[in-house]
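Structural description and commentary
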Amino acid sequence: MFFKQYSNADGTLSYFYGCGSKGSAVAVDVVAGDERWFLDAAQKAAVRIDFVIDTHVHADHLSGGKKLAELAGGLYCLHESDVGKVHFPIRGLKDGEVLESGNVLTKVLHTPGHTADSICLLVSDLRRSADPWFVLTGDTLFVGGVGRPDLGGAPEEMAGRIFDSIHNKLLTLPDDLEIFPGHAAGSVCGAGLSGKPSSTMGFEKRWDPYLSMTDRDAFIRELTANIPEQPAEMARIVAANLGAAA
Ligand SMILES: [Fe+2]
């Protein structure tokens, strides 16, 4: 497989990976204006971009996902709960479903909390093992932190949903699994993020203070006490990403 992490100026991390031998690729969390980078990378690797996935409808930046999917002829994908909310056709992803890109498999994990539609993507390379090799955690789990719970309103309820997503889904994954998050330090999507753009599940279990909290109410209190300022122009950005604005 091939794998690239693309670091945008505002602390957003995008991903491009897939199967070189079967010519199929996946682009994740593409920022508007970066579409050309993905098209060039696909051309260099001689792959089709079959799937363009946003891990949630972003509130902090304009997505380039829909435009890249149109330019590349791939499917633009969001969690199935966004079908009917976005003002254009998408491929709705279900919890547990697996997308095939040649020898590379992407399994969808619905992990609500940062937003109701947040997903993580568990990736395997069948040339190595059917076991997952890494997980793209979007804005659910960061290196050194977790996603902010307040952007869709009801921060306490959503903080509880992050706790459940972490304990029921992410903490069941093996310690040697690599983590690639949707942001590094400099983002407003979470507090306390490291500048290091990847980690492992085992390291984060030991050193991410939120992952060692086993009391749900204490987790909710802590997470809602440390909410960064809301992203500038959030309402306009969300509306544009939903296709409700030009
Ligand atoms: Fe986000």
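Above this text is the structure in question.
Residues numbered from 1 in each chain as written. Predicted model: local features only at pLDDT ≥ 70, side-chain atom pairs only at ≥ 80, totals over all residues. Heavy atoms only, no water.

Regarding the sheet that holds strand S8 (residues 104-110)
We count it as follows: The pairing criterion is simple: DSSP has to find at least two bridges between the two strands. To qualify as a helix, a DSSP run of H or I must reach at least 4 residues; to qualify as a strand, a run of E must reach at least 2; elements of each kind are numbered from the N terminus.
Strand order in the open sheet formed by 6 strands is S7-S8-S9-S10-S13-S14, and the pairing between neighbours is mixed. Looking along the sheet, the strands with just one partner apiece sit at the ends: strand S7 (98-101) and strand S14 (199-200). In the sheet, strand S13 (residues 178-181) pairs with S14 via 2 bridges, with the strands oriented antiparallel. Each bridged residue has a counterpart across the sheet, and for Glu178 the counterpart in S14 is Thr200.

Things to note about the sheet that holds strand S2 (residues 13-19)
Note the cut-off: Interaxial angles span 0 to 180 degrees and are taken between N-to-C directions of axes, which are lines fitted to C-alpha atoms, for helices over the stretch in contact. Any pair of residues with heavy atoms lying within 4.5 Å of one another is described as a contacting pair.
In spatial order, the strands read S1-S2-S3-S4-S5-S6; together these 6 strands make up an open sheet with mixed pairing. Edge positions in the sheet fall to strand S1 (2-7) and strand S6 (91-93), since each of these pairs with one other strand and no more. Direction aside, neighbouring strands of the sheet carry axes that sit 25° apart on average. Of the pairings in the sheet, the one linking strand S5 (residues 75-79) to S6 comprises 3 bridges and is parallel in character. Looking across to S6, one finds that His79 is bridged to Leu93. Most of the contacts of helix H1 (residues 35-45) go to S2, to which it runs at about 20°, and overall it touches S1, S2, strand S3 (24-28) and strand S4 (48-53). Contacting S3, S4 and S5, helix H2 (residues 65-72) crosses the sheet at an angle of about 160° to S4.

Considering the coordination of the iron ion
So the rule is basically this: Counted as donors are N, O and S atoms no farther than 2.8 Å from the metal, or 3.2 Å for Na, K and Ca; water is not among the atoms, and sites may therefore look incomplete. Note on exposure labels: buried denotes an accessible area under 20% of the residue type's maximum, exposed denotes more than 50%, and partly exposed covers the range between, all computed with a 1.4 Å probe on protein chains only.
Protein coordination at the iron ion comes from His56 (NE2), His114 (NE2) and Asp139 (OD), with a distance range of 2.0 to 2.4 Å. Taken in sequence order, the residues that donate to the iron ion follow the motif H-x57-H-x24-D. One end of the pair, His56, is in the loop between S4 and H2; the other, Asp139, is in the loop between strand S10 (129-138) and strand S11 (141-142), and 83 residues separate them in sequence. In terms of burial, His56 and Asp139 fall into one category: buried.

So, the packing of aromatic side chains
Defined as follows: Here a pair means two rings of Phe, Tyr or Trp (six-membered ring of Trp) with centres within 6.5 Å. Their orientation is stacked below 30 degrees between planes, edge-to-face above 60, and tilted elsewhere. Note on geometry: a ring has a charge over it if NZ (lysine) or CZ (arginine) is within 6 Å of the ring centre and within 35 degrees of the ring normal.
Applying the stated criterion across every chain yields a total of 15 aromatic pairs. Between the aromatic rings of Phe163 and Phe219, the centroid separation amounts to 5.2 Å while the plane-to-plane angle is 65°, which identifies the pairing as edge-to-face. Placement of Phe163 in helix H3 (residues 155-168) and of Phe219 in helix H5 (residues 216-225) is noted, with a sequence separation of 56 residues between them. For the pair shown, Phe163 and Phe219 are each scored as buried. Ring plane angle 80° and centroid distance 5.9 Å describe the contact between Tyr210 and Phe219, whose orientation is recorded as edge-to-face. When sorted by exposure, Tyr210 lands in the same class as Phe219, which is buried. Three or more aromatic residues joined by ring pairs form one cluster here, namely Phe2, Tyr6, Phe16, Trp37 and Phe38. Across from the ring centre of Phe88, 4.9 Å away, lies the NZ or CZ of Lys66, which sits over that ring. Here the basic side chain of Arg128 rests over the ring of Trp133, its NZ or CZ set 4.9 Å away from the ring centre.

Section: the pattern of salt bridges
Which entries qualify depends on this criterion: Take a side-chain nitrogen of Lys or Arg and a carboxyl oxygen of Asp or Glu: if they are within 4 Å of each other, that pair is a salt bridge.
A complete count under the given rule lists 10 salt bridges for this structure. Between Lys66 and Glu70 there is a salt bridge, with the nearest N and O atoms lying 3.2 Å from each other. One end of the pair, Lys66, and the other, Glu70, are both in helix H2, 4 residues apart, so they sit about a helical turn from each other. Taking relative accessible area as the criterion, Glu70 reaches 54% and is therefore assigned exposed.

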